[in-house]
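# Observations on chain architecture
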Amino acid sequence: MAALMKEKFNFKKKQKLIVEEFFYFLSSLLLAGLLVELIFPGLFILYFNVSLLAALWLLNLIYLLCITGKK
Amino acid sequence: MFFLVSKLRFIWLILVIFVIFFLFYQFVSPSGSWVCRHVFISSDRFPLGQAAASGPCLGLASPSERVVQGQGGPLLLLGEPVYFSVFSPRAFSNINLEITYRPHLNDVAPVFELGFLADKDLWRYHLQPVYNFWLEQGLSNWKVINSGNLRLFQKQEKFFSVDDFLETWHNQGSDFCPTPRCLALYNINDEDLPPVQNLDFLLNKEVELIFPYKLRGAHQFYIMVPENGFKLEGFLTDLNENKEKDTAEFNIFSGKRLVGTFFLPDDRSQAEEGFDVSEPQLFSVAKSDLEPGLYRLEFRASDDLVISGLNFNSQHLSIINKIWLFDKGPVSLVTDSSYLQVKPLSPEFLQTLDFGGQKLSIQEIYHQYELVNQKRGYLKIDMPAGGLTLANNGMFAVDASSLLNPDYPRLDRFLPLDDQIDFILADYQSPVYQEDSWLRSSVDFSASDFYREKNHYSLILSVPGLDVEGGQGGFLEIKEIKVKFYGRSLGDKIKEWLHL
């Protein structure tokens, strides 16, 4: 039982870490995009769908808040 | 767990760095070229070789009411002009544009041209021919001889080679013409052309001309400068409707060569965008060392500036192609074209004007009215009030004695092919015929002086006469637009920098 609990705890911790890193990745990408757009207007949005990236980032954030909030 | 975090962080950091490098590579374009390709007929909207692209590099066609596009179908041009913005990561010195299209044009709208914005202040586009209905189908009973892209059309066969014609033309001028202005040109560089007529006899008339009407915004003039040089005086009024400072410039050109510039700074005290109209400010520009002869005078200014009381030291002053009158009282002008385009910009100037005896009732603001008169020669335009923009393919002047037109007639939709014109010389490349009667044309531009804003060039597709409301000019189907920007590569630039 204890082993099962530990495994579940580890899985949740791993899941949180992955979601966190994905959040950092999307945030960095959006920040890089913002900087690129400021310096070279139109270049980032030519290759990246910013609406999709922003939606992913938001969903990721909501999910991250949900799993962080659960004690 | 620590290793997992390190691995993940390493991977996404590499990804972000790769993205930044990729974008920087696109910006630099080390090969010296970059391609924007837009296919309307399928879902392929990516720039060539860049499958990761998410947004089209060719913007949406505007105004949207002039185009129609069905699901996966070609873009239909029903009105003109139509504008696109074209993205390029940096400025390039040359542009090659390939367009695949199906023209359904007729003699109402015979000319299809495209080009890029070259001068934002004067809203001037550099246009190149794509398809000319007259040259492709409309002159079937004329004799035609070709020499490369040069084509000579003759109503009656007089010359047997283009070279023979060019030699006669350059040696004798237009003396071979049985009637004055018998030669029309299309897309011929007019830098080295013999004059359409000898205008030297006009130099002897040293009479001052006072242009009695007010003109708003940028204008271009042909002037005959007399022996004692160039002198122009007038008044400048600032309407202060726009927020930018309203500096102005007079530029004098001999052919395409700039020979004089006069700068008029905006030192007026009124606040911009305050609608506080300034007092008329006297200006005087002069250049006494100018050789007597024909010059083009360009007045570069925003729409906030009105010039009035123009006093010129010669009798001959013609306004080229477009005039924006600012008078509230009656206006009377003369033009040498049998066509007139009129646009009222304020409800107080709705009126009925007279163009060579033909009446035109103007009842709607911002609507573009067109009038074609069957008479030839100089036609009078009488308006009960000014406040209109008038445009055509000829000149406007205050009376017939001050009008001069040194331009050759141009092969456009208003050229009277029936009587005056006996020869047409065109620099024109026929489109390449493809499957399903699609045509492909390729046009080259030198892009170094093109206007570029926020990494976008402004592309125009123009088919004068194509009217979305009347529907008389036909329509145009567009399958694909491919814009190749090119110039020196990074390697060439490094070699030049190192003097290799």
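If you're wondering where the values come from, they're calculated on a predicted model, not measured in any experiment. (Residues numbered from 1 in each chain as written. Chains lettered and ligands numbered in written order. Predicted model: local features only at pLDDT ≥ 70, side-chain atom pairs only at ≥ 80, totals over all residues. Heavy atoms only, no water.)

### Observations regarding the overall build of chain A
Secondary structure assignment for chain A yields 3 helices and 0 strands. Secondary structure elements of chain A, listed N to C terminal, follow the sequence α-α-α. Taking all 71 residues of chain A together, 30% fall into the buried category. Put simply, 67% of the contacts in chain A that link residues at least 6 apart link residues at least 24 apart. About 4900 Å² of surface is accessible on chain A, with carbon and sulfur atoms providing 75% of the total. (Helix = DSSP H or I, 4+ residues; strand = E, 2+ residues; numbered from the N terminus. Buried < 20%, exposed > 50% of the residue type's maximum accessible area, 1.4 Å probe, protein only. Contact = heavy atoms within 4.5 Å. Areas by Shrake-Rupley, 256 points an atom, 1.4 Å probe, with all protein chains shown as cover.)

### Looking at the nonpolar core
Phe84, Ile99, Phe112, Phe116 and Ile478 of chain B are the most contacted members of the largest nonpolar core, which has 70 residues in total. In terms of nonpolar packing, the next biggest core, distinct from the first, is built from 49 residues, Ile323, Phe349, Ile362 and Ala385 of chain B among them. (Core = buried A, V, L, I, M, F, W, Y, C linked by side-chain atoms within 4.5 Å.)

### Focus on the sheet that holds strand 8 (residues 143-147) of chain B
Sheet strands line up and pair through hydrogen bonds in the backbone, either parallel or antiparallel. Residue and element names in this part refer to chain B. Across the sheet, 4 strands lie side by side as 8-9-28-10; this open sheet has mixed pairing. At either margin of the open sheet sits one strand with a lone partner, and together these are strand 8 and strand 10 (183-186). Averaged over all pairs of adjacent strands, the angle between strand axes in this sheet comes to 15°, irrespective of strand direction. Across 5 bridges, the pairing between strand 8 and strand 9 (residues 150-154) is antiparallel. When the bridges of strand 9 are listed, Val144 appears paired with Phe153. (Pairing = 2+ DSSP bridges. Axes fitted to C-alpha atoms, helices over the stretch in contact; angles between N-to-C directions.)

### Here's the deal with the interface of chain B and chain A
Residue-level contacts link 26 residues of chain B with 22 residues of chain A. Each partner contributes to the roughly 2200 Å² buried at the junction of chain B and chain A, and carbon and sulfur atoms together form 79% of this total. For the pair chain B and chain A, the interface holds 1 salt bridge. Glu21 of chain A is the salt-bridge partner of Arg9 of chain B, the closest N and O atoms lying 2.7 Å from each other. The interface formed by chain B and chain A holds 4 residue pairs in polar contact (both at pLDDT 80 or more) in total. (Buried area = accessible area lost by both parts, 1.4 Å probe. Salt bridge = Lys/Arg side-chain N within 4 Å of Asp/Glu carboxyl O. Polar contact = N/O pair within 3.5 Å; in protein donor to acceptor, adjacent residues only side chain to side chain.)

### Some remarks on the environment of Val342 of chain B
Along the chain, the position of Val342 of chain B falls in strand 22 (residues 339-344). Along the backbone, Val342 of chain B and Ile323 of chain B are 19 residues apart, and their C-alpha atoms lie at a distance of 9.9 Å.

### What about the confidence of the model for chain B?
Residue and element names in this part refer to chain B. Confidence in the prediction of chain B, expressed as mean pLDDT, is 86, and 93% of residues score 70 or more. Predicted confidence for residues 44-54 stays below pLDDT 50, and this span has 27 contacts to residues more than four positions away or in other chains. Under the prediction, the complex receives an ipTM of 0.87, its pTM being 0.79. (pLDDT = per-residue confidence, 0-100.)

### Digging into unusual backbone geometry
All names here are of chain B. The linkage connecting Ser62 with the following residue, Pro63, adopts the cis geometry, with an omega of -5°. Mapped onto the elements, Pro63 comes out in the loop between strand 1 (33-39) and strand 2 (67-69). For the bond running from Glu80 to Pro81, omega is -5°, close enough to zero to count as cis. As for its placement among the helices and strands, Pro81 is situated in the loop between strand 3 (75-77) and strand 4 (82-87). Positive phi is not limited to glycine here, since Tyr366 has a value of about 65°. In this structure, Tyr366 sits in the loop between strand 24 (358-362) and strand 25 (369-372). The phi angle at Lys454 is positive, at roughly 50°, despite the residue not being glycine. Considering the arrangement of structural elements, one finds Lys454 in the loop between strand 31 (452-453) and strand 32 (456-462). Judged by relative accessible area, Lys454 falls into the exposed class, the value being 63%.

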